[in-house]
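Each chain, written out:
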Amino acid sequence: MGQLLGLIRKLELLDSNIEVMLSTTLKKRNWLAHSFFVDHAVDFINKNGRDQMIKELNDSIELFNSVEDILYPIGRNAALKYGLTDELLDKIQSELCKSTTSDN
């Protein structure tokens, strides 16, 4: 995800506020992937701790969904700018489906 963020920065599609938000979100994602359960090892053994863990996970879901809502139109506009139309996406998907079924 960090590499993807770097590539997006090179395209200069984002303003500084969105870049800060993405950096924060990347840190949250990395923490969830690599440290969440370690940091909550003791919390996991009691109900209140597990409830707090669930709350943190739900908050993270809300954060990721809000970032997706912000990034989707930006990504969509960038795709169109570089020629990735709905028709081309449909064609690519069709070709991928054909190659997947022919491999089986």
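Structure: above.
Residues numbered from 1 in each chain as written. Predicted model: local features only at pLDDT ≥ 70, side-chain atom pairs only at ≥ 80, totals over all residues. Heavy atoms only, no water.

A. Here's a closer look at the nonpolar core. Counting residues in each nonpolar core, the largest one holds seven residues, listed as Leu-5, Leu-14, Ile-18, Leu-22, Leu-26, Val-67 and Ile-74. For this core, the secondary-structure elements that each account for two or more residues are α2 (16-34) and α4 (47-81). In terms of residues, this core owes the most to one element, α2, which gives three residues. Discounting residues that sit within four places of it in the chain, Leu-22 has contacts with Leu-5, Leu-14, Val-67 and Leu-71. (Core = buried A, V, L, I, M, F, W, Y, C linked by side-chain atoms within 4.5 Å. Buried < 20%, exposed > 50% of the residue type's maximum accessible area, 1.4 Å probe, protein only. Helix = DSSP H or I, 4+ residues; strand = E, 2+ residues; numbered from the N terminus. Contact = heavy atoms within 4.5 Å.)

B. Representation of the environment of Glu-12. Secondary-structure assignment places Glu-12 in the loop between α1 (2-11) and α2. Residues Glu-12 and Asp-43, 31 residues apart in the sequence, show an inter-C-alpha distance of 42 Å.

C. Structural detail: the packing of aromatic side chains. Following the criterion strictly, the structure yields two aromatic pairs and no others. Ring geometry for Trp-31 against Phe-36: centres 5.3 Å apart, planes inclined by 85°, an arrangement best described as edge-to-face. When the centroid spacing of 5.1 Å and the interplanar angle of 85° are considered together, the rings of Phe-36 and Phe-37 count as edge-to-face. By relative accessible area, which is 2% here, Phe-36 ends up buried. Judged by its relative accessible area of 56%, Phe-37 falls in the exposed class. Every member of this aromatic cluster is reached through a ring pair, and the members are Trp-31, Phe-36 and Phe-37. (Phe/Tyr/Trp six-rings, centres within 6.5 Å; stacked < 30°, edge-to-face > 60°.)

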